[in-house]
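Tertiary structure, described
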Amino acid sequence: MKQNWYGNFWELMADNRSLRKINVSKTEVTDKVCAKINSFLVQPDLRLTELNLSKNQIGADGLVALGLALRVNSSLKVINLNQNFIRDAGLSAIVDALKQNKTLKELYLSFNRINNTGLSQLAEFLTANSSLEILDLSKNAFSDNGFIDFGRQLGHNKGL
């Protein structure tokens, strides 16, 4: 029942051009609902600058849908994905999308079980990215050595 309501919410938001921030933290957003969010985020005249999707149930499939939107969205400056089920597969979808997105300034990914593989993918992307200014990777599953390698690669970043 809740999933239908959350999906309908995003459909009803399709005509809204005035909102700047949406916080749907801890509202049981799943991969299926992310497809509806995608439809909302791809609107060309959207003015939304901040989207908080933290503490939900978003996994790799949901991030593929969000990634498709992030490729073309030019209004979002902040996206909070803390405490979801991103892991490395989901992170890969976001990294691929952000290669084309030049407007996102803040990305929050804490508590997502990202390990050294995901961290390496992220570092590779960040060496060429100059728009991202804030990145939160706290409380993930990478090792100390993985984080040291990440730091070495990050030394080439122009934004963070």
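Residues numbered from 1 in each chain as written. Predicted model: local features only at pLDDT ≥ 70, side-chain atom pairs only at ≥ 80, totals over all residues. Heavy atoms only, no water.

So, helix 3 (residues 60-72)
Helix length check: helix 3 (13 residues) gives 19 Å between terminal C-alpha atoms against 18 Å at 1.5 Å per residue, within 8%. Of the residues making up helix 3, those classed as buried are Gly62, Leu63, Ala65, Leu66, Gly67, Ala69 and Leu70. Here the buried face of helix 3 lies against helix 2 (31-41) and helix 4 (87-98). (Helix = DSSP H or I, 4+ residues; strand = E, 2+ residues; numbered from the N terminus. Expected span 1.5 Å × (residues − 1). Buried < 20%, exposed > 50% of the residue type's maximum accessible area, 1.4 Å probe, protein only. Contact = heavy atoms within 4.5 Å.)

Brief notes about the sheet that holds strand 1 (residues 21-23)
Across the sheet, which stays open at both edges, the five strands sit in the order 1-2-3-4-5 with parallel pairing between neighbours. This sheet does not close on itself; its edge strands, each paired only once, are strand 1 and strand 5 (134-136). Here the average twist between neighbouring strands, direction ignored, is 0°. The pairing of strand 1 with strand 2 (residues 50-52) spans three bridges and is classified as parallel. Bridge assignment links lysine 21 to a residue of strand 2, and that residue is glutamate 50. (Pairing = 2+ DSSP bridges. Axes fitted to C-alpha atoms, helices over the stretch in contact; angles between N-to-C directions.)

Concerning the side chain of asparagine 73
Mapped onto the fold, asparagine 73 is located in the loop between helix 3 and strand 3 (78-80). The exposure class assigned to asparagine 73 is buried, which follows from its relative accessible area of 6%. From its side chain, asparagine 73 meets the backbone oxygen of leucine 41 in a polar contact 3.0 Å long. In terms of polar contacts, asparagine 73 uses its side chain to reach the backbone amide nitrogen of leucine 76, at 2.8 Å. (Polar contact = N/O pair within 3.5 Å; in protein donor to acceptor, adjacent residues only side chain to side chain.)

Considerations on the nonpolar core
What tends to happen in soluble globular proteins is that the nonpolar side chains get buried as a cluster. Formed by 43 residues in total, the largest nonpolar core has its most connected members in Ile37, Leu41, Leu51, Leu81, Leu107, Leu109 and Leu122. Secondary-structure elements contributing two or more residues to this core are helix 2, helix 3, helix 4 and helix 5 (116-126). Ranked by residues supplied to this core, first place goes to helix 4 with six residues. Beyond its immediate chain neighbours, meaning those up to four positions away, leucine 51 contacts Trp10, Ile22, Ile37, Leu41, Leu76, Val78, Ile79 and Asn80. (Core = buried A, V, L, I, M, F, W, Y, C linked by side-chain atoms within 4.5 Å.)

Things to note about the packing of helix 3 against helix 4
Two elements in contact, helix 3 and helix 4, have axes separated by 8 Å at closest approach and are oriented at 5°. Regarding the angle of helix 3 to helix 4, the classification is roughly parallel. Residues Ala60, Leu63, Val64, Gly67, Leu70 and Arg71 of helix 3 touch helix 4, and the partners they reach there are Ala89, Gly90, Leu91, Ala93, Ile94, Asp96, Ala97 and Leu98. (Parallel < 35°, antiparallel > 145°, perpendicular 65-115°, else oblique.)

Here's the deal with the pattern of salt bridges
This model, assessed by the stated rule, comprises five salt bridges. Lysine 99 is the partner of aspartate 96 in a salt bridge, and the nearest nitrogen-oxygen pair spans 3.7 Å. (Salt bridge = Lys/Arg side-chain N within 4 Å of Asp/Glu carboxyl O.)

Looking at the side chain of aspartate 136
Relative to the elements of secondary structure, aspartate 136 occurs in strand 5. Here aspartate 136 occupies a buried position and makes no salt bridge, while the nearest side chain of opposite charge, lysine 139, is found at 10.0 Å. When sequence neighbours within four positions are dropped, the list of residues in contact with aspartate 136 reads Asn82, Leu107, Tyr108, Leu109 and Ser110. (Lys, Arg positive; Asp, Glu negative; His and termini not counted.)

A word on the packing of aromatic side chains
Evaluated as defined, the whole model comprises four aromatic pairs. Relative to phenylalanine 40, the ring of tryptophan 10 has its centre 5.4 Å away and its plane inclined at 55°; by these criteria the two rings are tilted. Taken together, the positions of tryptophan 10 in helix 1 (residues 2-12) and phenylalanine 40 in helix 2 put the pair 30 residues apart, joining distant regions of the chain. For the pair formed by tryptophan 10 and phenylalanine 40, the shared burial category is buried. Clustering of aromatic rings is evident, with ring pairs tying together Phe9, Trp10 and Phe40. (Phe/Tyr/Trp six-rings, centres within 6.5 Å; stacked < 30°, edge-to-face > 60°.)

Any functional reading would require information beyond the geometric quantities listed.
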